[in-house]
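# Examining the three-dimensional arrangement
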Amino acid sequence: MSLQMVSSVSNSSLLQPGFSLLNFDGHVYFFGQKGWPKRSCPTGVFLLDIKQNELKMKPAVFSKDSCYLPPLRYPAICTYRDNTESDYHQYIIHGGKTPNNDLSDKIYIMSLVSKSSRKSMFKCIEKDLAGDVPEARYGHTINVVQSRGKSMSVIFGGRSYVPLEQRTTEKWNSVVDCLPSVFLVDFEFGCCTSYILPELQDGLSFHVSVARNDTIYILGGHSLQNNIRAPSLYKLKVDLPLGSPAVTCTILPGGISVSSAVVTQTSDTEFVLVGGYQSENQKRLVCNTLILEDNKIEIVERESPLWTPDIKHCRMWFGCDMGKGSILLGIPGDNKQMISDANYFYILRFREAEEDEEEELTAQTCSQTSTEDPGDSTPFEDSEEFCFSAEANSFDVDDTYNEDDEEDESETGYWITCSAHCNVDINTWVPFYSTELNKPAMILCSGGDGHWVHAQCMDLSETMLLRLSEANIKYFCNEHIDLNKGLQTPKKVGQLKKQPMKPLRKKKAIKLTSVKKSFLRRLFE
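From a predicted model like this one, the values you see are computed outputs, not experimental measurements.

### Overview of the overall build of the chain
Secondary structure assignment for the chain yields 4 helices and 33 strands. Expressed as a percentage of the 525 residues in the chain, the buried residues total 50%. Carbon and sulfur atoms make up 49% of the accessible area of the chain, which totals about 27300 Å².

Shown next, in the form of structure tokens:
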């Protein structure tokens, strides 16, 4: 066991409470930054390149057939294998918070397509669900169980916003515990089924869950309704026969009062529980070993690492499982130096280097990042930023992400105030049209000297936006349409055919009668 501090690097401000880590073939990837991705890494997924205790972040890309994946904090994540004997695995991501604090009810499947020294490519697909679809939530868990040769995912716990009909102006963004229902998700058919079990009376969030074969153990957690961290321990057993699945729950003694702890797997049957909180303002510095054998769980206290004074005295800490017995921990930098806007990171390893080369583990684990939502249960506000300062030469690889290279998008054309009713904000904007990725769609108004406006602020439908982008016609925004009525998005009119001019007719000669001739003769004589 070792605790090693990671050297300070730039752009570590992306690693904030609620992030997640994915381990593919020993390579660790970061997901769930605070804030929307920028153009240097539109996917929001980074390779964490840790060499000689120095952390570097390299952007990853998505394949062309991938869906859009927003940066989600506090989601539920677990690994998934089609075959227990296969080394190939994917990650299931469900729920979480977007950068503008919207909650997601979508479920994504992430897989690694290719990996080279310069670039990692992922494929992300969104899974359509039907039936009892879980509501949008965060701070919950998801696990995969195996029974009778079949596998299903199990979703439990979490928090969600108060229903719209119950919201008030003062408590518009208040959160509540989700109902203590257990959801079974069949990925083969996309079906969801919910189960209400009498043993589960109160909702839980930021708990820990570990799974082995057909059994899931749920440990600890925080209840908003009662504001307690009860020493609870539940055993969920899932049977998957040919007919309807069967789910049973048993309350076990010997639980632990903890929330927001991190679990990492050290062997086929052993897990280590680290961190979390045992009360509102008290961290839990004790570590425990969870042993899963013969359809039972044993929880024993184990030797804790030599925590540094900075870790002991900080009021808040957070982290995530890196896989293979390692955990990435972070603490606010205001407990270490005069710089109050910095985070500092440590890597806690429970396995030696030679052990990491053993066969990849088969049991599943799922735990929340090691901090509860600061806006709900700790003195720190969820909007509080902790940034990492570093020297400009802290990167020596060309393809390493550097946030300092980003343009100040608040001064560029995409984030202007396009009109008096403009509602596009760089900090809260989310894609509205299917053609948008990390910038809002804009269109040129021909009024005056011409200026750019956001298509969403002009209430343009996606069909109209595509038509205007393809056709060579003038557009006038809502503020200039009154001055140019009839000119906004005119219909294309075919060119008028000019009619050929008819040739002039020759004038007919005037016939003079004999009377007129005599009159003219006298007139000129």
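Resuming the write-up.
### As for the sheet that holds strand β6 (residues 61–62)
Here 5 strands make up an open sheet; going across it, the order is β6-β10-β9-β8-β7 and the pairing mixed. Two strands bound the open sheet, and with one partner strand each, they are β6 and β7 (76–80). The sheet contact formed by β7 and strand β8 (residues 90–94) spans 5 bridges and is antiparallel. Opposite Cys78, over in β8, you have Ile92 as the bridge partner.

### Regarding the UniProt feature "binding site: Zn(2+)" (unreviewed entry) in the chain
Mapped onto the present numbering, the UniProt feature "binding site: Zn(2+)" (unreviewed entry) falls at Cys418, Cys422, Cys445, His451, His454, Cys457, Cys477 and His480. Within the secondary structure layout, Cys445 lies in strand β32 (residues 442–445). When near neighbours in sequence (up to four residues on either side) are disregarded, Cys445 contacts Gly450, His451, Tyr475, Phe476, Cys477 and His480. Following the sequence through the fold, His451 ends up in strand β33 (residues 451–454). Excluding its chain neighbours within four sequence positions, the residues that come into contact with His451 are Cys418, Ile443, Leu444, Cys445, Cys477 and His480.

### So, the pattern of salt bridges
A pair can form between side chains of opposite charge whenever their charged atoms are brought close. Applying the stated rule across the entire model yields 7 salt bridges. With a shortest N-O distance of 4.0 Å, Lys56 and Glu54 are connected by a salt bridge. Taking the relative accessible area as the measure of exposure, Glu54 reaches 28% and is therefore partly exposed. One salt bridge connects Arg212 with Asp268, and the closest N-O pair in it is separated by 3.5 Å. Of this pair, Arg212 sits in strand β18 (residues 208–212) while Asp268 sits in the loop between β22 (262–265) and β23 (270–274), placing them 56 residues apart in sequence.

### Side note on the layout of surface pockets
Empty space among the atoms can be located by rolling a probe the size of a water molecule over them. Taken as a whole, the second largest pocket spans an internal volume of roughly 570 Å³. The element best represented in the lining of the second largest pocket is strand β4 (residues 45–51), accounting for 5 residues. For the lining of the second largest pocket, a count of residues per class yields 9 nonpolar, 8 polar and 9 charged.

### A look at unusual backbone geometry
Despite not being glycine, Asp25 has its phi angle at roughly 55 degrees, a positive value. Residue position: Asp25 is located in the loop between β2 (20–24) and β3 (27–31). Positive phi is not limited to glycine here, since Asp459 has a value of about 60 degrees. Tracing the sequence through the fold places Asp459 in the loop between β33 and α3 (462–470). Classification of Asp459 as exposed rests on a relative accessible area of 69%.

### Remarks on the sheet that holds strand β5 (residues 54–59)
The strand order across the open sheet built from 4 strands is β2-β3-β4-β5, with neighbouring strands paired in antiparallel fashion. Each having just a single partner strand, β2 and β5 make up the two edges of the open sheet. Averaged over all adjacent pairs, the angle separating strand axes in this sheet is 35 degrees, with direction ignored. Direction of pairing for β2 relative to β3: antiparallel, over a ladder of 5 bridges. Bridging from a neighbouring strand, Asn23 pairs with Val28 of β3.

### Section: the packing of aromatic side chains
Across all of its chains, the model carries 14 aromatic pairs by this definition. Between Tyr74 and Tyr138, the aromatic rings sit 6.1 Å apart at their centres with planes inclined by 55 degrees, giving tilted as the arrangement. Here Tyr138 lies in the loop between β11 (130–131) and β12 (141–147) and Tyr74 lies in the loop between β6 and β7, a separation of 64 residues in the sequence. Measuring from centroid to centroid gives 5.6 Å for Tyr74 and Phe206, while their planes differ by 85 degrees, and the two rings are edge-to-face. Within this pair, whereas Tyr74 is found in the loop between β6 and β7, its partner Phe206 is found in the loop between β17 (191–196) and β18, the two being separated by 132 residues in sequence. Summarising the burial analysis for this pair, Tyr74 and Phe206 share the class buried.

Calculation notes
Residues numbered from 1 in each chain as written. Predicted model: local features only at pLDDT ≥ 70, side-chain atom pairs only at ≥ 80, totals over all residues. Heavy atoms only, no water. Helix = DSSP H or I, 4+ residues; strand = E, 2+ residues; numbered from the N terminus. Buried < 20%, exposed > 50% of the residue type's maximum accessible area, 1.4 Å probe, protein only. Areas by Shrake-Rupley, 256 points an atom, 1.4 Å probe, with all protein chains shown as cover. Pairing = 2+ DSSP bridges. UniProt positions renumbered as here; feature names shortened; annotations may be inferred. Contact = heavy atoms within 4.5 Å. Salt bridge = Lys/Arg side-chain N within 4 Å of Asp/Glu carboxyl O. 1 Å grid on protein atoms, 1.4 Å probe; cavity = no way out; pocket = protein on both sides within 12 Å on 5 of 7 lines; lining within 4 Å. Points joined across faces, edges and corners; volume = space filled by probe spheres on them. Nonpolar A, V, L, I, M, F, W, Y, C, P; charged D, E, K, R; others polar. Axes fitted to C-alpha atoms, helices over the stretch in contact; angles between N-to-C directions. Phe/Tyr/Trp six-rings, centres within 6.5 Å; stacked < 30°, edge-to-face > 60°.

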